[in-house]
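A look at the structure
One-letter residues, chain by chain:
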Amino acid sequence: MNYQDYILEVSEDIKDCLKEMGTQPILFIGSGLSQRYFNGPSWIGLLEALQKHCPLIPNEVGFYLQDQYKLEEIGTEFTKYYRDWAWANKDLFPEELFQSHVPKSSYIKYKIKRIFEEITPNDVNEIQNEEYKREIELLRNIQPHAIITTNYDTFLEKVFVDYQPIIGQQILKPDTMSIGEIYKIHGCITNYIDLVFNKEDYDIFMTKKKYLSAKLLTFFAEHPLLFVGYGGNDKNILNILSDIDEILSNEGELIPNIYFLAYNKNLSGNSRPQKEKIFVVNGKEIRVKYIEAKNYDWVFEAFSANKAVDNVHPKLLRALLARTYKLVRSDIPRRSVDVDFEVIEKVISEDKELPRLYGVALLDDPSHINIQYPYTLTQVGELLGYPSWHGADKLINQIKLEKGINIKASDNKYHVTIKIGKSEMNKYSQEAVRLLLKVKNSNEYNVEI
(Lines give C-alpha, C1' and ligand atoms only; values in the text may rest on other atoms or scores of the structure.)
Protein backbone atom coordinates (compact mmCIF):
# COMPACT_ATOMS: atom_id res chain seq x y z
CA MET A 1 0.00 0.00 0.00
CA ASN A 2 1.39 3.40 -1.00
CA TYR A 3 0.35 6.80 0.33
CA GLN A 4 -2.30 7.29 -2.35
CA ASP A 5 -3.95 4.03 -1.29
CA TYR A 6 -3.76 5.27 2.30
CA ILE A 7 -5.55 8.50 1.32
CA LEU A 8 -8.34 6.53 -0.40
CA GLU A 9 -8.82 4.16 2.54
CA VAL A 10 -8.84 6.88 5.18
CA SER A 11 -11.15 9.09 3.10
CA GLU A 12 -13.64 6.24 2.68
CA ASP A 13 -13.52 5.52 6.40
CA ILE A 14 -14.26 9.18 7.19
CA LYS A 15 -17.17 9.27 4.74
CA ASP A 16 -18.62 6.05 6.16
CA CYS A 17 -18.44 7.46 9.69
CA LEU A 18 -20.18 10.68 8.62
CA LYS A 19 -22.88 8.76 6.80
CA GLU A 20 -23.47 6.36 9.67
CA MET A 21 -23.71 9.00 12.37
CA GLY A 22 -25.77 11.35 10.19
CA THR A 23 -24.38 14.43 11.95
CA GLN A 24 -21.83 17.12 11.22
CA PRO A 25 -18.33 16.77 12.69
CA ILE A 26 -17.08 18.51 15.81
CA LEU A 27 -13.65 20.11 15.31
CA PHE A 28 -11.12 20.29 18.16
CA ILE A 29 -8.50 22.83 17.12
CA GLY A 30 -5.18 23.51 18.83
CA SER A 31 -2.33 25.93 18.34
CA GLY A 32 -0.79 23.84 15.56
CA LEU A 33 -3.36 25.21 13.12
CA SER A 34 -2.37 28.81 13.95
CA GLN A 35 1.29 27.82 13.62
CA ARG A 36 0.57 26.40 10.19
CA TYR A 37 -1.33 29.32 8.72
CA PHE A 38 0.22 32.44 10.25
CA ASN A 39 3.19 31.32 12.36
CA GLY A 40 1.27 31.59 15.60
CA PRO A 41 3.26 30.39 18.63
CA SER A 42 3.03 27.08 20.41
CA TRP A 43 2.65 27.21 24.19
CA ILE A 44 6.42 27.04 24.60
CA GLY A 45 6.85 29.57 21.79
CA LEU A 46 4.49 31.98 23.55
CA LEU A 47 6.45 31.65 26.80
CA GLU A 48 9.68 32.33 24.90
CA ALA A 49 8.18 35.46 23.33
CA LEU A 50 6.97 36.66 26.73
CA GLN A 51 10.42 36.10 28.23
CA LYS A 52 12.05 38.21 25.54
CA HIS A 53 9.62 41.09 26.06
CA CYS A 54 10.13 41.35 29.82
CA PRO A 55 13.65 42.44 30.89
CA LEU A 56 13.08 41.31 34.49
CA ILE A 57 12.73 37.61 33.65
CA PRO A 58 16.22 36.29 34.46
CA ASN A 59 16.20 32.94 32.65
CA GLU A 60 15.12 31.47 29.35
CA VAL A 61 12.25 28.98 29.17
CA GLY A 62 14.64 26.05 28.83
CA PHE A 63 16.10 26.83 32.26
CA TYR A 64 12.72 26.23 33.89
CA LEU A 65 12.03 23.11 31.81
CA GLN A 66 15.33 21.65 33.04
CA ASP A 67 14.02 22.10 36.57
CA GLN A 68 10.91 20.09 35.62
CA TYR A 69 8.56 23.09 35.69
CA LYS A 70 5.24 22.49 33.98
CA LEU A 71 4.35 25.07 31.34
CA GLU A 72 1.59 26.60 33.46
CA GLU A 73 4.05 26.83 36.37
CA ILE A 74 6.44 28.78 34.14
CA GLY A 75 3.46 31.02 33.39
CA THR A 76 3.06 31.63 37.11
CA GLU A 77 6.75 32.60 37.44
CA PHE A 78 6.51 34.98 34.49
CA THR A 79 3.32 36.48 35.91
CA LYS A 80 5.23 37.77 38.94
CA TYR A 81 7.97 39.37 36.86
CA TYR A 82 5.46 41.02 34.54
CA ARG A 83 3.61 42.65 37.44
CA ASP A 84 6.87 44.10 38.82
CA TRP A 85 7.85 45.33 35.36
CA ALA A 86 4.43 46.87 34.70
CA TRP A 87 4.35 48.85 37.95
CA ALA A 88 7.79 50.24 37.14
CA ASN A 89 6.76 51.08 33.55
CA LYS A 90 3.15 52.18 33.71
CA ASP A 91 3.34 53.90 30.35
CA LEU A 92 3.60 50.48 28.63
CA PHE A 93 0.25 49.23 29.92
CA PRO A 94 -3.35 50.54 29.99
CA GLU A 95 -4.08 52.83 32.91
CA GLU A 96 -7.06 50.78 34.08
CA LEU A 97 -4.82 47.80 34.89
CA PHE A 98 -3.34 49.64 37.89
CA GLN A 99 -6.52 49.70 39.94
CA SER A 100 -6.46 47.69 43.16
CA HIS A 101 -9.12 45.16 42.12
CA VAL A 102 -7.33 44.13 38.91
CA PRO A 103 -5.78 40.62 39.07
CA LYS A 104 -2.00 40.55 39.13
CA SER A 105 -1.94 38.31 36.07
CA SER A 106 -3.54 41.03 33.93
CA TYR A 107 -0.20 42.50 32.82
CA ILE A 108 1.22 39.38 31.25
CA LYS A 109 -2.16 38.57 29.71
CA TYR A 110 -2.28 42.03 28.19
CA LYS A 111 1.06 41.29 26.57
CA ILE A 112 -0.33 37.98 25.27
CA LYS A 113 -3.18 39.94 23.74
CA ARG A 114 -0.76 42.33 22.04
CA ILE A 115 1.40 39.48 20.70
CA PHE A 116 -1.55 37.80 19.03
CA GLU A 117 -3.02 41.04 17.73
CA GLU A 118 0.22 41.76 15.93
CA ILE A 119 0.49 38.40 14.15
CA THR A 120 -3.11 37.25 13.55
CA PRO A 121 -4.41 38.08 10.05
CA ASN A 122 -7.34 40.47 9.92
CA ASP A 123 -8.76 38.36 7.09
CA VAL A 124 -7.94 34.92 5.69
CA ASN A 125 -7.27 36.59 2.32
CA GLU A 126 -4.10 38.05 3.84
CA ILE A 127 -2.56 34.57 3.79
CA GLN A 128 -0.35 34.44 0.72
CA ASN A 129 0.31 30.69 0.48
CA GLU A 130 -2.16 29.37 -2.11
CA GLU A 131 -2.01 25.83 -0.72
CA TYR A 132 -2.97 27.09 2.72
CA LYS A 133 -5.76 29.26 1.31
CA ARG A 134 -7.23 26.18 -0.37
CA GLU A 135 -6.98 24.21 2.88
CA ILE A 136 -8.75 26.98 4.79
CA GLU A 137 -11.56 27.04 2.24
CA LEU A 138 -11.96 23.27 2.54
CA LEU A 139 -11.86 23.56 6.35
CA ARG A 140 -14.67 26.11 6.19
CA ASN A 141 -16.53 23.84 3.78
CA ILE A 142 -16.82 21.13 6.45
CA GLN A 143 -19.57 23.22 8.07
CA PRO A 144 -18.89 21.66 11.48
CA HIS A 145 -21.63 21.38 14.04
CA ALA A 146 -19.36 23.23 16.46
CA ILE A 147 -15.69 23.97 17.11
CA ILE A 148 -13.85 23.55 20.40
CA THR A 149 -10.48 25.23 20.80
CA THR A 150 -7.87 26.01 23.43
CA ASN A 151 -6.44 28.80 21.24
CA TYR A 152 -6.45 32.40 22.46
CA ASP A 153 -6.31 34.06 19.02
CA THR A 154 -9.24 35.11 16.83
CA PHE A 155 -8.20 33.32 13.65
CA LEU A 156 -11.05 30.79 13.76
CA GLU A 157 -13.57 33.63 13.87
CA LYS A 158 -12.05 34.84 10.58
CA VAL A 159 -12.43 31.39 9.02
CA PHE A 160 -15.92 30.59 10.34
CA VAL A 161 -17.48 34.02 10.08
CA ASP A 162 -21.05 32.85 10.78
CA TYR A 163 -20.09 31.05 13.98
CA GLN A 164 -20.58 32.57 17.41
CA PRO A 165 -17.60 32.52 19.81
CA ILE A 166 -18.53 31.28 23.28
CA ILE A 167 -15.71 32.28 25.61
CA GLY A 168 -14.61 30.78 28.91
CA GLN A 169 -17.34 30.55 31.52
CA GLN A 170 -20.02 31.52 28.98
CA ILE A 171 -19.91 27.87 27.88
CA LEU A 172 -21.53 26.85 31.17
CA LYS A 173 -24.60 29.01 30.60
CA PRO A 174 -27.73 27.02 29.72
CA ASP A 175 -28.82 29.20 26.80
CA THR A 176 -26.02 28.41 24.37
CA MET A 177 -27.45 26.84 21.23
CA SER A 178 -24.79 24.13 20.77
CA ILE A 179 -24.69 24.64 17.00
CA GLY A 180 -22.62 27.02 14.92
CA GLU A 181 -20.48 28.01 17.90
CA ILE A 182 -16.77 28.24 18.66
CA TYR A 183 -16.14 27.13 22.23
CA LYS A 184 -12.99 28.90 23.41
CA ILE A 185 -12.47 26.91 26.57
CA HIS A 186 -9.23 28.66 27.64
CA GLY A 187 -10.50 32.14 26.86
CA CYS A 188 -9.83 34.66 24.12
CA ILE A 189 -7.70 37.78 23.72
CA THR A 190 -10.93 39.76 23.29
CA ASN A 191 -11.36 39.28 27.06
CA TYR A 192 -7.71 38.78 27.95
CA ILE A 193 -7.99 39.14 31.74
CA ASP A 194 -9.79 35.78 31.92
CA LEU A 195 -7.31 33.76 29.84
CA VAL A 196 -6.41 30.35 31.28
CA PHE A 197 -2.64 30.73 31.34
CA ASN A 198 -0.83 30.11 34.63
CA LYS A 199 -1.13 27.45 37.33
CA GLU A 200 -3.73 29.37 39.30
CA ASP A 201 -5.90 29.69 36.18
CA TYR A 202 -5.55 25.98 35.43
CA ASP A 203 -6.46 25.01 38.98
CA ILE A 204 -9.69 27.02 38.70
CA PHE A 205 -10.34 25.61 35.24
CA MET A 206 -9.93 22.02 36.44
CA THR A 207 -12.37 22.52 39.33
CA LYS A 208 -15.02 23.64 36.85
CA LYS A 209 -14.01 21.20 34.14
CA LYS A 210 -16.57 18.59 35.15
CA TYR A 211 -19.38 20.97 34.25
CA LEU A 212 -17.79 21.71 30.89
CA SER A 213 -17.25 18.00 30.26
CA ALA A 214 -20.88 17.22 31.05
CA LYS A 215 -22.01 19.81 28.54
CA LEU A 216 -19.75 18.47 25.80
CA LEU A 217 -20.16 14.73 26.34
CA THR A 218 -23.26 14.58 24.13
CA PHE A 219 -21.11 15.98 21.32
CA PHE A 220 -18.63 13.17 21.80
CA ALA A 221 -21.21 10.40 21.54
CA GLU A 222 -23.24 11.78 18.64
CA HIS A 223 -20.71 13.35 16.25
CA PRO A 224 -17.53 12.46 14.37
CA LEU A 225 -14.62 14.26 16.07
CA LEU A 226 -11.53 15.65 14.33
CA PHE A 227 -8.57 16.79 16.40
CA VAL A 228 -6.17 19.03 14.49
CA GLY A 229 -3.33 21.22 15.69
CA TYR A 230 -2.54 19.23 18.84
CA GLY A 231 0.63 17.32 19.71
CA GLY A 232 0.33 13.73 20.87
CA ASN A 233 1.47 14.61 24.40
CA ASP A 234 -0.61 17.76 24.78
CA LYS A 235 -2.18 17.74 28.27
CA ASN A 236 -5.35 19.33 26.89
CA ILE A 237 -5.85 16.54 24.37
CA LEU A 238 -5.21 13.89 27.00
CA ASN A 239 -7.77 15.41 29.37
CA ILE A 240 -10.39 15.57 26.63
CA LEU A 241 -9.68 12.00 25.48
CA SER A 242 -10.02 10.82 29.06
CA ASP A 243 -13.52 12.32 29.25
CA ILE A 244 -14.48 10.86 25.88
CA ASP A 245 -13.22 7.39 26.72
CA GLU A 246 -15.45 7.15 29.77
CA ILE A 247 -18.55 6.94 27.61
CA LEU A 248 -17.39 5.69 24.22
CA SER A 249 -15.23 2.61 24.66
CA ASN A 250 -14.23 -0.30 26.78
CA GLU A 251 -10.63 -0.93 27.78
CA GLY A 252 -8.41 -0.97 24.70
CA GLU A 253 -11.22 -0.76 22.11
CA LEU A 254 -10.89 1.53 19.12
CA ILE A 255 -13.15 4.59 19.36
CA PRO A 256 -14.44 4.68 15.77
CA ASN A 257 -15.60 8.28 15.52
CA ILE A 258 -12.44 10.04 16.76
CA TYR A 259 -9.79 11.11 14.25
CA PHE A 260 -6.45 12.66 15.20
CA LEU A 261 -4.77 14.57 12.36
CA ALA A 262 -0.98 14.83 12.67
CA TYR A 263 1.40 16.76 10.44
CA ASN A 264 4.27 14.75 8.94
CA LYS A 265 6.56 16.69 6.62
CA ASN A 266 8.51 13.56 5.65
CA LEU A 267 5.68 11.73 3.88
CA SER A 268 6.36 10.53 0.34
CA GLY A 269 4.49 8.54 -2.29
CA ASN A 270 5.77 5.30 -0.78
CA SER A 271 4.86 6.15 2.81
CA ARG A 272 2.64 3.77 4.78
CA PRO A 273 1.49 5.73 7.84
CA GLN A 274 -0.22 4.20 10.81
CA LYS A 275 -4.02 4.41 10.94
CA GLU A 276 -4.48 4.07 14.69
CA LYS A 277 -2.80 5.57 17.73
CA ILE A 278 -2.83 4.63 21.39
CA PHE A 279 -2.88 7.39 23.99
CA VAL A 280 -2.21 6.45 27.60
CA VAL A 281 -4.21 8.51 30.10
CA ASN A 282 -4.07 7.73 33.82
CA GLY A 283 -2.69 4.29 33.01
CA LYS A 284 -5.52 3.50 30.58
CA GLU A 285 -5.04 2.94 26.86
CA ILE A 286 -7.27 4.92 24.50
CA ARG A 287 -7.24 3.91 20.82
CA VAL A 288 -8.32 6.42 18.18
CA LYS A 289 -8.04 6.71 14.42
CA TYR A 290 -4.84 8.45 13.36
CA ILE A 291 -4.20 10.39 10.15
CA GLU A 292 -0.77 11.51 8.99
CA ALA A 293 -0.63 14.20 6.31
CA LYS A 294 1.67 16.81 4.89
CA ASN A 295 -1.17 18.56 3.07
CA TYR A 296 -4.52 18.77 4.85
CA ASP A 297 -6.71 19.40 1.80
CA TRP A 298 -7.77 15.77 1.25
CA VAL A 299 -8.59 15.31 4.95
CA PHE A 300 -10.78 18.42 5.11
CA GLU A 301 -12.40 17.45 1.81
CA ALA A 302 -13.32 14.02 3.19
CA PHE A 303 -14.89 15.60 6.29
CA SER A 304 -17.02 17.87 4.10
CA ALA A 305 -18.47 14.93 2.15
CA ASN A 306 -21.72 14.83 4.09
CA LYS A 307 -22.08 18.52 4.81
CA ALA A 308 -25.36 20.27 5.43
CA VAL A 309 -27.44 21.99 2.76
CA ASP A 310 -25.37 24.75 1.19
CA ASN A 311 -27.73 27.64 1.87
CA VAL A 312 -28.31 26.86 5.57
CA HIS A 313 -25.99 29.05 7.61
CA PRO A 314 -25.13 28.44 11.27
CA LYS A 315 -26.08 32.02 12.12
CA LEU A 316 -29.60 31.45 10.79
CA LEU A 317 -29.92 28.11 12.56
CA ARG A 318 -28.91 29.68 15.86
CA ALA A 319 -31.51 32.38 15.40
CA LEU A 320 -34.20 29.77 14.71
CA LEU A 321 -33.13 27.68 17.68
CA ALA A 322 -33.06 30.71 19.95
CA ARG A 323 -36.54 31.71 18.85
CA THR A 324 -37.87 28.17 19.32
CA TYR A 325 -36.23 27.93 22.74
CA LYS A 326 -37.78 31.19 23.89
CA LEU A 327 -41.15 30.21 22.46
CA VAL A 328 -41.23 27.02 24.49
CA ARG A 329 -39.85 28.64 27.63
CA SER A 330 -41.75 31.92 27.64
CA ASP A 331 -44.38 32.50 25.00
CA ILE A 332 -46.56 29.46 25.57
CA PRO A 333 -46.92 29.73 29.36
CA ARG A 334 -47.67 33.46 29.21
CA ARG A 335 -50.02 33.76 26.25
CA SER A 336 -51.62 31.82 23.42
CA VAL A 337 -49.93 31.51 20.04
CA ASP A 338 -52.03 32.21 16.96
CA VAL A 339 -51.21 29.98 13.99
CA ASP A 340 -52.36 30.91 10.50
CA PHE A 341 -52.64 27.49 8.86
CA GLU A 342 -53.50 29.00 5.47
CA VAL A 343 -50.19 30.84 5.41
CA ILE A 344 -48.30 27.72 6.48
CA GLU A 345 -50.03 25.61 3.82
CA LYS A 346 -49.19 28.17 1.14
CA VAL A 347 -45.52 28.34 2.14
CA ILE A 348 -45.16 24.58 2.16
CA SER A 349 -46.82 24.16 -1.22
CA GLU A 350 -45.16 27.06 -3.02
CA ASP A 351 -41.82 27.75 -1.33
CA LYS A 352 -39.45 24.79 -1.61
CA GLU A 353 -36.76 26.63 0.32
CA LEU A 354 -38.57 26.10 3.61
CA PRO A 355 -38.26 22.32 3.68
CA ARG A 356 -34.69 22.68 2.46
CA LEU A 357 -34.01 25.14 5.25
CA TYR A 358 -34.97 22.54 7.84
CA GLY A 359 -33.19 19.73 5.99
CA VAL A 360 -36.47 17.88 5.33
CA ALA A 361 -36.51 15.31 2.52
CA LEU A 362 -39.63 15.44 0.33
CA LEU A 363 -40.79 11.80 0.30
CA ASP A 364 -43.84 10.34 -1.45
CA ASP A 365 -45.07 8.99 1.87
CA PRO A 366 -42.68 10.02 4.65
CA SER A 367 -44.93 8.67 7.39
CA HIS A 368 -44.40 5.11 6.13
CA ILE A 369 -40.63 5.55 6.20
CA ASN A 370 -40.70 6.83 9.79
CA ILE A 371 -42.98 4.02 10.93
CA GLN A 372 -41.03 1.24 9.25
CA TYR A 373 -37.54 2.63 10.01
CA PRO A 374 -37.89 4.64 13.22
CA TYR A 375 -34.34 4.30 14.59
CA THR A 376 -30.94 5.83 14.01
CA LEU A 377 -27.98 3.54 14.70
CA THR A 378 -27.42 5.40 17.98
CA GLN A 379 -30.97 4.53 19.04
CA VAL A 380 -30.48 0.93 17.94
CA GLY A 381 -27.33 0.75 20.05
CA GLU A 382 -29.17 2.12 23.08
CA LEU A 383 -32.01 -0.39 22.63
CA LEU A 384 -29.40 -3.15 22.65
CA GLY A 385 -27.89 -1.85 25.88
CA TYR A 386 -24.88 -0.02 24.46
CA PRO A 387 -23.98 3.58 25.39
CA SER A 388 -23.91 4.69 21.74
CA TRP A 389 -23.91 3.46 18.13
CA HIS A 390 -20.53 1.71 18.22
CA GLY A 391 -21.79 -1.55 19.71
CA ALA A 392 -24.54 -1.90 17.10
CA ASP A 393 -22.09 -1.12 14.32
CA LYS A 394 -19.79 -3.91 15.52
CA LEU A 395 -22.70 -6.37 15.35
CA ILE A 396 -23.45 -5.29 11.77
CA ASN A 397 -19.82 -5.89 10.85
CA GLN A 398 -20.02 -9.29 12.57
CA ILE A 399 -22.95 -10.21 10.33
CA LYS A 400 -20.92 -9.12 7.31
CA LEU A 401 -18.05 -11.39 8.34
CA GLU A 402 -20.23 -14.38 9.26
CA LYS A 403 -22.87 -14.22 6.52
CA GLY A 404 -21.20 -12.15 3.81
CA ILE A 405 -24.10 -9.68 3.91
CA ASN A 406 -23.84 -5.98 4.71
CA ILE A 407 -27.30 -4.83 5.73
CA LYS A 408 -26.20 -1.20 5.30
CA ALA A 409 -25.25 -1.68 1.64
CA SER A 410 -28.83 -1.51 0.35
CA ASP A 411 -32.38 -0.57 1.25
CA ASN A 412 -33.98 -3.64 2.80
CA LYS A 413 -36.20 -4.78 5.66
CA TYR A 414 -33.52 -3.82 8.17
CA HIS A 415 -32.15 -0.57 6.79
CA VAL A 416 -32.86 2.35 4.49
CA THR A 417 -30.74 5.32 3.39
CA ILE A 418 -32.59 8.64 3.28
CA LYS A 419 -31.25 11.60 1.31
CA ILE A 420 -31.45 14.92 3.15
CA GLY A 421 -30.27 17.72 0.87
CA LYS A 422 -26.76 16.62 -0.07
CA SER A 423 -26.46 14.49 3.04
CA GLU A 424 -27.55 10.94 3.76
CA MET A 425 -28.96 9.33 6.89
CA ASN A 426 -29.21 5.64 7.71
CA LYS A 427 -32.40 4.51 9.47
CA TYR A 428 -33.15 1.10 10.94
CA SER A 429 -36.25 -1.00 11.57
CA GLN A 430 -37.50 -3.05 14.49
CA GLU A 431 -36.47 -6.08 12.43
CA ALA A 432 -32.90 -4.79 12.58
CA VAL A 433 -33.08 -4.52 16.37
CA ARG A 434 -34.34 -8.11 16.64
CA LEU A 435 -31.63 -9.36 14.27
CA LEU A 436 -28.82 -7.60 16.09
CA LEU A 437 -30.11 -8.79 19.47
CA LYS A 438 -29.77 -12.38 18.23
CA VAL A 439 -26.22 -11.66 17.09
CA LYS A 440 -25.36 -10.04 20.40
CA ASN A 441 -26.71 -13.03 22.36
CA SER A 442 -24.87 -15.52 20.08
CA ASN A 443 -28.18 -17.05 18.96
CA GLU A 444 -28.80 -18.66 15.57
CA TYR A 445 -29.90 -16.10 12.99
CA ASN A 446 -30.69 -15.69 9.31
CA VAL A 447 -30.48 -12.54 7.22
CA GLU A 448 -33.27 -11.98 4.72
CA ILE A 449 -32.33 -9.33 2.15
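Residues numbered from 1 in each chain as written. Predicted model: local features only at pLDDT ≥ 70, side-chain atom pairs only at ≥ 80, totals over all residues. Heavy atoms only, no water.

What follows concerns the sheet that holds strand β6 (residues 254-263). The strand order β3-β4-β2-β1-β5-β6-β8-β7 describes an open sheet built from eight strands, whose pairing is mixed. Strands at the two margins of the open sheet, each flanked by one partner only, are β3 (164-167) and β7 (276-281). Here the strands of the sheet are splayed against their neighbours by 25 degrees on average, with no regard to which way each runs. Relative to strand β8 (residues 284-293), β7 runs antiparallel, the two being bridged by six bridges. From the neighbouring strand, Phe279 faces β8, where its bridge partner is Ile286. Lying over the sheet, helix α1 (residues 3-21) contacts β6 and β8, oriented at roughly 120 degrees with respect to β8. (Pairing = 2+ DSSP bridges. Helix = DSSP H or I, 4+ residues; strand = E, 2+ residues; numbered from the N terminus. Axes fitted to C-alpha atoms, helices over the stretch in contact; angles between N-to-C directions. Contact = heavy atoms within 4.5 Å.)

Right, let's get into the pattern of salt bridges. Across all of its chains, the model carries 20 salt bridges by this definition. Glu9 is the partner of Lys275 in a salt bridge, and the nearest nitrogen-oxygen pair spans 2.5 Å. Separated by 266 residues along the polypeptide, Lys275 in the loop between β6 and β7 and Glu9 in helix α1 bring together distant segments of the chain. Assessed through its relative accessible area of 37%, Lys275 is described here as partly exposed. A salt bridge links Arg287 to Glu276; its shortest N-O distance comes to 2.6 Å. Taken together, the residues Arg287 in strand β8 and Glu276 in strand β7 connect sequence positions 11 residues apart. By relative accessible area, Glu276 is classed as partly exposed at 34%. Shared partners join several salt bridges into a network, and the residues in it are Lys113, Arg114, Glu117 and Glu118. (Salt bridge = Lys/Arg side-chain N within 4 Å of Asp/Glu carboxyl O. Buried < 20%, exposed > 50% of the residue type's maximum accessible area, 1.4 Å probe, protein only.)

Another point: the nonpolar core. Among the nonpolar cores identified, the biggest contains 60 residues, and Phe28, Leu50, Phe78, Tyr82, Phe93, Phe227 and Phe260 are the most heavily contacted of them. Apart from residues no more than four positions distant in its own chain, Phe260 is found in contact with Phe227, Tyr230, Gly231, Gly232, Ile237, Phe279, Val288, Lys289, Tyr290 and Ile291. Met21, Val159, Val228 and Leu267 belong to the second-largest nonpolar core, a separate cluster that totals 58 residues. (Core = buried A, V, L, I, M, F, W, Y, C linked by side-chain atoms within 4.5 Å.)

It is worth spelling out the environment of Gly180 at this point. Of note, Gly180 is situated in the loop between β3 and β4 (181-184). Assessed through its relative accessible area of 1%, Gly180 is described here as buried. Along the primary structure Gly180 and Phe160 are separated by 20 residues, whereas in three dimensions their C-alpha atoms are 8.9 Å apart.

Turning our eyes to something else, we now look at the environment of Ala86. Within the secondary structure, Ala86 is located in helix α5 (residues 71-88). Taking the relative accessible area as the measure of exposure, Ala86 reaches 0% and is therefore buried. Separated by 11 residues in the primary sequence, Ala86 and Leu97 have C-alpha atoms spaced 9.3 Å apart. Contacts of Ala86, omitting those with residues within four sequence positions, involve Phe93, Phe98 and Tyr107.

We now examine the pairing of strand β1 (residues 26-29). The side chains of a regular strand alternate, first on one face of the sheet and then on the other. Burial along β1 is two-sided: the residues Ile26 and Phe28 and Leu27 and Ile29 are all buried. Relative to strand β2 (residues 146-149), β1 is paired through four bridges, and the arrangement is parallel. Within β2, the position partnered with Phe28 by the bridge is Ile148. Relative to strand β5 (residues 225-228), β1 runs parallel, the two being bridged by four bridges. Its bridge partner lying in β5, Ile26 is registered against Leu225.

The next subject is the packing of aromatic side chains. Centre-to-centre distance and the angle between the planes together describe a pair of aromatic rings. Summed over the entire model, instances satisfying the criterion amount to 25 aromatic pairs. With a centroid separation of 5.7 Å and an interplanar angle of 80 degrees, the aromatic rings of Tyr64 and Phe78 are classed as edge-to-face. Linking Tyr64 in helix α4 (residues 61-66) with Phe78 in helix α5, this pair joins segments that are 14 residues apart in sequence. As far as the burial class goes, Tyr64 and Phe78 line up, both buried. Put simply, the rings of Tyr82, Trp85, Trp87, Phe93, Phe98, Tyr107, Tyr110 and Tyr192 pair up and form one aromatic cluster. Lying over the aromatic face of Phe98, Lys90 brings its terminal NZ or CZ to 5.4 Å of the ring centre. In this arrangement the basic side chain of Lys403 is found over the ring face of Tyr445, its NZ or CZ atom lying 4.7 Å from the centre. (Phe/Tyr/Trp six-rings, centres within 6.5 Å; stacked < 30°, edge-to-face > 60°. Lys NZ or Arg CZ within 6 Å of the ring centre and 35° of its normal.)

The next point concerns the environment of Gly62. Structurally, the position occupied by Gly62 is in helix α4. Looking at Gly62, the relative accessible area reads 38%, which means it is partly exposed.

Per-chain confidence: the protein averages 83 in pLDDT, with 80% of residues scoring 70 or above. Counted against residues more than four places away or in other chains, residues 323-341, with its pLDDT under 50, gives nine contacts. For residues 351-364, every residue scores under 50 in pLDDT, and the model assigns this stretch 18 contacts once sequence neighbours within four places are set aside. (pLDDT = per-residue confidence, 0-100.)

Let us look at the side chain of Lys408. Residue placement: Lys408 occurs in the loop between α17 (390-403) and β9 (415-420). A distance of 2.9 Å separates polar atoms of two side chains, one belonging to Lys408 and the other to Glu20. Once residues within four sequence positions are removed from consideration, Lys408 is found in contact with Glu20, Asp393, Ile396, His415 and Tyr428. (Polar contact = N/O pair within 3.5 Å; in protein donor to acceptor, adjacent residues only side chain to side chain.)

Attention now goes to the packing of helix α3 (residues 43-53) against α5. In the contact formed by α3 and α5, the axes pass within 11 Å of each other and the chain directions differ by 20 degrees. The angle between the axes of α3 and α5 places the two elements in the roughly parallel class. α3 and α5 meet at a crossing whose hand is left-handed. Contacts between α3 and α5 involve Trp43, Ile44, Leu47, Leu50, Gln51 and His53 from the former and Leu71, Glu72, Ile74, Gly75, Phe78, Tyr82 and Trp85 from the latter. Residue composition of the contact of α3 with α5, by class: nine nonpolar, three polar and one charged. (Parallel < 35°, antiparallel > 145°, perpendicular 65-115°, else oblique. Left-handed = near helix turned anticlockwise from the far one by under 90°. Nonpolar A, V, L, I, M, F, W, Y, C, P; charged D, E, K, R; others polar.)

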